[in-house]
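Observations on the model geometry
One-letter residues, chain by chain:
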Amino acid sequence: MNDKHMRALVLVVLFTLACAALPPVAAQPTVVLSSTTPERGDPLEEITLNLTLTNTTAEAMWNIRIWFDLSDDTNGYFVALDDIVEVDLGEREYLSPNDSVTTSIRIMANTHTPAQKHQVPLVIRYRRGACEGGCQNEEARATLAVPIYRMDPKVAISIQEIAEVFPGEQLVVYTTLNNFGTGIATSIEISASTSPSLATGETTFFTDFDPPELGVSGSVVAQTVIDTTGAEPGYYQFTVGLRYEDKYGNSEARVSVKEFKIKGTATQEALYQANMLRELGINAYQLKDYTTAISYLERAIELYGRLQQTEDILEDISLSEEIIQLSITNIQASNYYQKGNAYFADGDFVNAKRFYTLAYDIYVKLNNTKLVAELNGKIAACDDELYRYDIMDSALYGAVGLCGLYGIIARRKEIAERLKRK
């Protein structure tokens with residue numbers, strides 16, 4: 001055996017001896033969650049976790065204690081009801097290897113704890129070895145899957161279709177509340193309002209609703225009376241606000257909105273429609289959707305023309321015509337700008353500058369400083385390109401002239417040489 005092999009063998013022997021001298025790695029005891037009481041743990045309810053602890057180590061376990069470690073429970077989901085539980089071994093002094101013992105520990109979930117299985121850390125502290133002659137403290141950890149169930153109400157609001165009425169007619173709106181959750185909704189409060197504001201009576205329930213609770217799959221209908229006296233024809237919004245609590249003291253709020261209409265005379269309906277089209281046209285113009293703005297405003301002007309021409313209507317027509325003209329002007333300027341871009345991309349800088357200038361003049365009148373600045377840059381870029389071409393043309397013509405002059409001089413020199421030889 002050579003020296004190299006001998007050294008390798010010595011290293012293997014030394015490593016084996018070193019490993020044998022190390023203390024053995026102690027196995028961990030195991031904890032199994034056998035059951036919970038109650039079976040379906042609920043927030044704010046005392047939950048007892050029944051455990052089976054098995055000594056899967058190689059030595060006896062003495063003075064066993066367990067507790068929850070909630071230091072990482074940043075959400076505050078749980079509260080430990082037992083600080084430390086001393087495991088009762090009965091008549092035994094210690095738990096032998098492979099032996100088991102049953103115990104329990106209590107916990108409670110807070111109101112906001114979600115319904116799911118939560119992994120909760122458990123600490124096991126004990127003394128191991130032959131404690132008559134001295135033993136060592138040990139600590140192990142386990143994780144318990146604590147199932148949490150909830151009984152949460154989920155109340156939905158459904159507003160029935162609202163009839164169209166004339167001003168002065170009584171309007172009754174019906175609202176249905178349905179509980180689609182798994183718990184009872186308590187302390188129910190309901191309110192109603194309109195926008196624009198109309199006088200509304202108190203919202204009342206058809207059935208006996210005292211105390212105001214709604215059980216699982218429960219349903220109740222409420223009615224609201226709206227006074228339309230003196231109301232302007234048009235569209236209104238009816239809003240229902242709902243508040244209720246669950247069994248854990250958490251409060252929930254819901255809002256539902258439905259549109260309804262108060263009818264007017266034929267003239268009032270036409271005026272309302274024209275005003276709505278005018279507003280849509282103005283909004284489209286502000287969003288730079290000029291084609292849509294023109295469409296809305298032309299229809300508004302047509303409806304205004306069918307009505308008695310009051311001072312207000314004449315002002316609305318004038319405003320609509322003004323915005324139509326501004327929209328047309330903006331479309332024209334945009335077309336010029338796009339044509340300028342197309343010519344610039346093709347290298348036709350003369351026509352590009354011409355259309356950029358046309359667009360520039362319009363945007364100056366429209367006081368669109370942003371596009372005026374952009375077009376200034378575009379026109380300057382065209383001038384730079386045209387100047388570069390002028391320089392190149394001048395250089396080309398100069399080169400051609402020089403070539404011609406050089407040819408003439410060379411030709412004359414050749415003739416003079418011939419005459420001299422003769």
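Residues numbered from 1 in each chain as written. Predicted model: local features only at pLDDT ≥ 70, side-chain atom pairs only at ≥ 80, totals over all residues. Heavy atoms only, no water.

Brief notes about the overall build of the protein chain
- Check the secondary structure of the protein chain and you find six helices and 16 strands.
- Contacts spanning at least 24 positions in sequence make up 67% of the contacts within the protein chain whose residues lie at least 6 apart.
- As displayed, the protein chain offers around 25,800 Å² of accessible surface, 53% of which is attributable to carbon and sulfur atoms. (Helix = DSSP H or I, 4+ residues; strand = E, 2+ residues; numbered from the N terminus. Contact = heavy atoms within 4.5 Å. Areas by Shrake-Rupley, 256 points an atom, 1.4 Å probe, with all protein chains shown as cover.)

Examining the confidence of the model for the protein chain
- This prediction gives the protein chain a mean pLDDT of 87; 86% of its residues lie at or above 70.
- Within the model, the stretch residues 12-26 combines pLDDT values under 50 with zero contacts to residues more than four positions away or in other chains. (pLDDT = per-residue confidence, 0-100.)

Some remarks on the sheet that holds strand 4 (residues 78-80)
- Taking strand neighbours across the sheet as the criterion, the four strands line up as 1-2-6-4 in an open arrangement whose pairing is antiparallel. Edge positions in the sheet fall to strand 1 (30-37) and strand 4, since each has one partner strand and no second. Each strand of the sheet is rotated relative to its neighbour by a mean of 35°, with strand direction disregarded. (Pairing = 2+ DSSP bridges. Axes fitted to C-alpha atoms, helices over the stretch in contact; angles between N-to-C directions.)

Things to note about the packing of helix 3 (residues 290-305) against helix 4 (residues 311-345)
- Packing of helix 3 against helix 4 brings their axes to within 9 Å, and their N-to-C directions diverge by 155°. With respect to helix 4, the axis of helix 3 lies roughly antiparallel. Seen along the crossing, helix 3 lies across helix 4 with a hand that is left-handed. The residues of helix 4 that touch helix 3, namely those facing Tyr290, Thr291, Ala293, Ile294, Leu297, Glu298, Ile301 and Tyr304, are Ile313, Asp316, Ile317, Ser320, Glu321, Ile323, Ile324, Ser327, Ile328, Asn330 and Ile331.
- Along the lines of polarity and charge, the residues of the contact of helix 3 with helix 4 split into twelve nonpolar, four polar and three charged. (Parallel < 35°, antiparallel > 145°, perpendicular 65-115°, else oblique. Left-handed = near helix turned anticlockwise from the far one by under 90°. Nonpolar A, V, L, I, M, F, W, Y, C, P; charged D, E, K, R; others polar.)

Looking at the sheet that holds strand 16 (residues 251-262)
- The strand order across the open sheet formed by three strands is 11-15-16, and the pairing between neighbours is antiparallel. Two strands lie at the open edges of the sheet, namely strand 11 (186-195) and strand 16, each paired on one side alone. Across the sheet, the mean angle separating the axes of adjacent strands is 15° when strand polarity is ignored.
- Pairing between strand 15 (residues 234-245) and strand 16: twelve bridges, direction antiparallel. Considered in strand 16, the bridge of Leu242 is made with Arg254.

Focus on the packing of helix 4 against helix 5 (residues 349-365)
- Axis separation between helix 4 and helix 5 bottoms out at 8 Å; the angle between their running directions is 160°. Considering their axes alone, helix 4 and helix 5 lie roughly antiparallel with respect to each other. In this structure, helix 4 meets helix 5 at a crossing whose hand is left-handed. Contacts between helix 4 and helix 5 involve Thr329, Asn330, Gln332, Ala333, Ser334, Tyr336, Tyr337, Lys339, Gly340, Asn341, Tyr343 and Phe344 from the first element and Phe349, Asn351, Ala352, Phe355, Tyr356, Leu358, Ala359, Ile362 and Tyr363 from the second.

Observations regarding the side chain of Ser256
- Here Ser256 is to be found in strand 16.
- Looking at Ser256, the relative accessible area reads 16%, which means it is buried.
- Beyond its immediate sequence surroundings of up to four residues, Ser256 is in contact with Ile157, Ile159, Phe238, Thr239 and Val240. (Buried < 20%, exposed > 50% of the residue type's maximum accessible area, 1.4 Å probe, protein only.)

As for the environment of Gln237
- Within the secondary structure, Gln237 sits in strand 15.
- Residue Gln237 is classed as partly exposed on the basis of its relative accessible area, which comes to 41%.
- Expressed as a C-alpha distance, the spacing of Gln237 and Ser193, which sit 44 residues apart in the sequence, is 8.3 Å.
- Contacts of Gln237, omitting those with residues within four sequence positions, involve Ser193, Thr194, Ser195, Val257, Lys258, Glu259 and Phe260.

Structural notes on the pattern of salt bridges
- Evaluation of the coordinates by the stated rule reveals 17 salt bridges.
- Put simply, Lys247 and Asp42 hold a salt bridge, and the shortest N to O gap is 2.9 Å. Taken as a pair, Lys247 in the loop between strand 15 and strand 16 and Asp42 in the loop between strand 1 and strand 2 (46-54) lie far apart in primary sequence, 205 residues in all.
- Taking relative accessible area as the criterion, Lys247 reaches 47% and is therefore assigned partly exposed. (Salt bridge = Lys/Arg side-chain N within 4 Å of Asp/Glu carboxyl O.)

Digging into the layout of surface pockets
- Looking at the largest pocket, its volume works out to about 210 Å³.
- Lining the largest pocket are Tyr285, Gln286, Lys288, Tyr290, Asn330, Ser334, Tyr363, Leu366, Asn368 and Leu371.
- At the level of secondary structure, the elements contributing two or more residues to the lining of the largest pocket comprise helix 2 (266-286) and helix 4.
- Here the residues of the lining of the largest pocket sort into five nonpolar, four polar and one charged. (1 Å grid on protein atoms, 1.4 Å probe; cavity = no way out; pocket = protein on both sides within 12 Å on 5 of 7 lines; lining within 4 Å. Points joined across faces, edges and corners; volume = space filled by probe spheres on them.)

Description of helix 3
- Between its first and last C-alpha, helix 3 extends 22 Å over 16 residues, near the 22 Å set by a 1.5 Å rise per residue.
- Residues of helix 3 that are buried include every one of Tyr290, Ala293, Ile294, Leu297, Ala300, Leu303 and Tyr304, and no others.
- On the buried face of helix 3, the contacting elements are helix 2 and helix 4. (Expected span 1.5 Å × (residues − 1).)

Structural notes on the packing of aromatic side chains
- Under the defined criterion, the tally for this structure stands at eight aromatic pairs.
- Plain terms: the ring middles of Trp62 and Tyr94 are 4.8 Å apart, the flat faces sit at 40° to each other, and that makes the pair tilted. Of this pair, Trp62 sits in strand 3 (residues 61-68) while Tyr94 sits in the loop between strand 5 (85-86) and strand 6 (100-109), placing them 32 residues apart in sequence.
- Between the aromatic rings of Tyr343 and Phe355, the centroid separation amounts to 5.6 Å while the plane-to-plane angle is 10°, which identifies the pairing as stacked. One end of the pair, Tyr343, is in helix 4; the other, Phe355, is in helix 5, and twelve residues separate them in sequence.
- Its relative accessible area of 29% is what places Tyr343 among the partly exposed residues.
- An aromatic cluster is present here, built from Tyr336, Tyr343 and Phe355 joined pairwise through their rings.
- For Arg40, the ring lying beneath its charged end belongs to Tyr149, and the centroid distance is 4.1 Å. (Phe/Tyr/Trp six-rings, centres within 6.5 Å; stacked < 30°, edge-to-face > 60°. Lys NZ or Arg CZ within 6 Å of the ring centre and 35° of its normal.)

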